[in-house]
Amino acid sequence: MLDTADLAPPDRVEAVHTAMMYASAPCHVIHEDPAGPVHARMEVWDLGNATIFTHRSSGIRLLRTDKLARQDAMPVIALSVQLRSQGRFEQRKQQRLVPAGELLAVDLSGAYDYSWSGDGAAGCIQIPFDQLGLPVDTVRRAAPRIHESPFCRLVTDHIAHLTSDPARIVADPASAAVAAASVDLVRALLASAGRAERNTREVLAETLLTRVRAFVRQHLADPDLGPAMIAAAHNVSLRHLYQVCAAAELSLEQWIIAERLQGARHELLLPESRHRSVAAVAQGWGFRDATHFTRRFRARYGMLPSQWRRSGVDARAL
């Protein structure tokens, strides 16, 4: 949406203000050094009923006053990962520092003060409250407490991945499924942090499969990953986990193997992995036995892993 590298320095301050009015909530944009080397790059991508927003810039402060907040009719929550520099945030008299790699929940319909010094960056997903299916007071109560939820790291990693290459994600035919899963994960996080017992029980039940899928993808390299580990991590019984998967016509064990095979297949063609043996790649994707991996690979793709590696297909095209 904006890259100030394409603009003359005198035009950049106004361009950043205009872009921010469109990309996020209307606010006062205050540059750390407006007479200095101001630079910014902003991207906005539609992801179903949500929006991905990435922002990289020189030192900046975004100040949203009560007067500006009253202009918005539809409440929106932003889950933002600080990607570079340390953020400073205040909303509803609660202040916090946001180190790189941490998650921040911002009620964009309220007043807030957010800033960083020097070169900084953040990536977020913005979701209208009405897409979450939660009471407004639950969402607002949860926002400053998200780090108390056991799902915080799961959602943080998910949003970091979403914002690392949003163009590729939204262009994929399966992006609608990613959009729905993203809303489900945020919904579960807020229900958990909001401590509304009835809503939490309902949301956790409805989003279990989404959370299981995200958990599996983040732990594929762990050779101990399996139904028992997954059930324990989500505080459900094995029987219940199998029931949820059966209702979705998902064979959990076979799906885990398929995801591992797909990851290994992609890595075998990466130039930076050429020095690694097939056995090492297999082990890196959770396969303890190289022979088992080779047999599974051939059954799924019709060739040996070594043959696939010699085929020379560009992994970036997969």
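Residues numbered from 1 in each chain as written. Predicted model: local features only at pLDDT ≥ 70, side-chain atom pairs only at ≥ 80, totals over all residues. Heavy atoms only, no water.

**Focus on the sheet that holds strand E1 (residues 2-3)**
Strands in a sheet are paired, the pairing made by backbone hydrogen bonds, and the direction either parallel or antiparallel.
Now for step 1: Strands sit in the order E1-E3-E4-E11-E6-E9 across an open sheet of six strands; the sheet is antiparallel. In this open sheet, the two edge strands, each paired with only one partner strand, are E1 and strand E9 (103-107).
Now for step 2: Relative to strand E11 (residues 120-128), strand E4 (residues 50-57) is paired through seven bridges, and the arrangement is antiparallel. When the bridges of E11 are listed, Thr51 appears paired with Gln126.
Now for step 3: Sheet contacts for helix H1 (residues 12-23): E1, strand E3 (40-47), E4 and E11; angle to E3, the most-contacted strand, approximately 20°. (Pairing = 2+ DSSP bridges. Helix = DSSP H or I, 4+ residues; strand = E, 2+ residues; numbered from the N terminus. Contact = heavy atoms within 4.5 Å. Axes fitted to C-alpha atoms, helices over the stretch in contact; angles between N-to-C directions.)

**Notes on the confidence of the model for the protein chain**
Now for step 1: Of the residues in the protein chain, 93% reach a pLDDT of 70 or more, and the chain-wide mean stands at 86.
Now for step 2: Throughout residues 314-318 the model reports pLDDT below 50, and contacts reaching past four residues in sequence, or to other chains, amount to 10 contacts. (pLDDT = per-residue confidence, 0-100.)

**Some thoughts on helix H13 (residues 290-301)**
Now for step 1: Counted at 1.5 Å a residue, the expected span for H13 with its 12 residues is 16 Å, and the 16 Å between its end C-alpha atoms agrees.
Now for step 2: Where H13 starts, the residue carrying a side-chain oxygen 2.8 Å from the main-chain nitrogen of Thr291 turns out to be Asp289.
Now for step 3: Remark: Gly302 follows H13 within two positions and exhibits a positive phi of approximately 75°. (Expected span 1.5 Å × (residues − 1). Polar contact = N/O pair within 3.5 Å; in protein donor to acceptor, adjacent residues only side chain to side chain.)

**Comments concerning the environment of Arg88**
Now for step 1: Position of Arg88 relative to the elements: it lies in strand E7 (residues 87-91).
Now for step 2: Separated by 40 residues in the primary sequence, Arg88 and Pro128 place their C-alpha atoms 24 Å from one another.
Now for step 3: Filtering out sequence-adjacent residues up to four positions away, Arg88 remains in contact with Arg96, Leu97, Asp113, Tyr114, Ser115, Trp116 and Ser117.
Now for step 4: A distance of 3.2 Å separates a polar atom in the side chain of Arg88 from a polar atom in the side chain of Ser117.

**What about the pattern of salt bridges?**
Charged atoms that come close allow side chains of opposite charge to pair.
Now for step 1: This model, assessed by the stated rule, comprises 10 salt bridges.
Now for step 2: With a shortest N-O distance of 2.7 Å, Asp113 and Arg61 are connected by a salt bridge. Residue Asp113 is found in strand E10 (residues 112-116), and its partner Arg61 is found in strand E5 (residues 60-64); the two are separated by 52 residues along the sequence.
Now for step 3: A residue is classified by how much of its surface remains accessible, and Asp113, at 17% relative accessible area, is buried.
Now for step 4: For Asp157, the salt bridge goes to Arg153, with nearest N and O atoms at 3.3 Å. (Salt bridge = Lys/Arg side-chain N within 4 Å of Asp/Glu carboxyl O. Buried < 20%, exposed > 50% of the residue type's maximum accessible area, 1.4 Å probe, protein only.)

**Observations concerning the packing of aromatic side chains**
Now for step 1: Applying the stated rule across the entire model yields six aromatic pairs.
Now for step 2: With a centroid separation of 5.7 Å and 55° between ring planes, the pair formed by Phe293 and Phe297 is classed as tilted. With Phe293 and Phe297 both in helix H13 and four residues apart, this pair spans about one turn of that helix.
Now for step 3: Judged by its relative accessible area of 0%, Phe297 is buried.
Now for step 4: Members of the aromatic cluster, connected to one another through ring pairs, are Phe89, Tyr112, Tyr114 and Trp116.
Now for step 5: The side chain of Arg265 reaches across the aromatic face of Tyr301, ending 4.7 Å from its centre.
Now for step 6: Positioned above the aromatic ring of Trp308, the side-chain terminus of Arg265 is 4.1 Å from the ring centre. (Phe/Tyr/Trp six-rings, centres within 6.5 Å; stacked < 30°, edge-to-face > 60°. Lys NZ or Arg CZ within 6 Å of the ring centre and 35° of its normal.)

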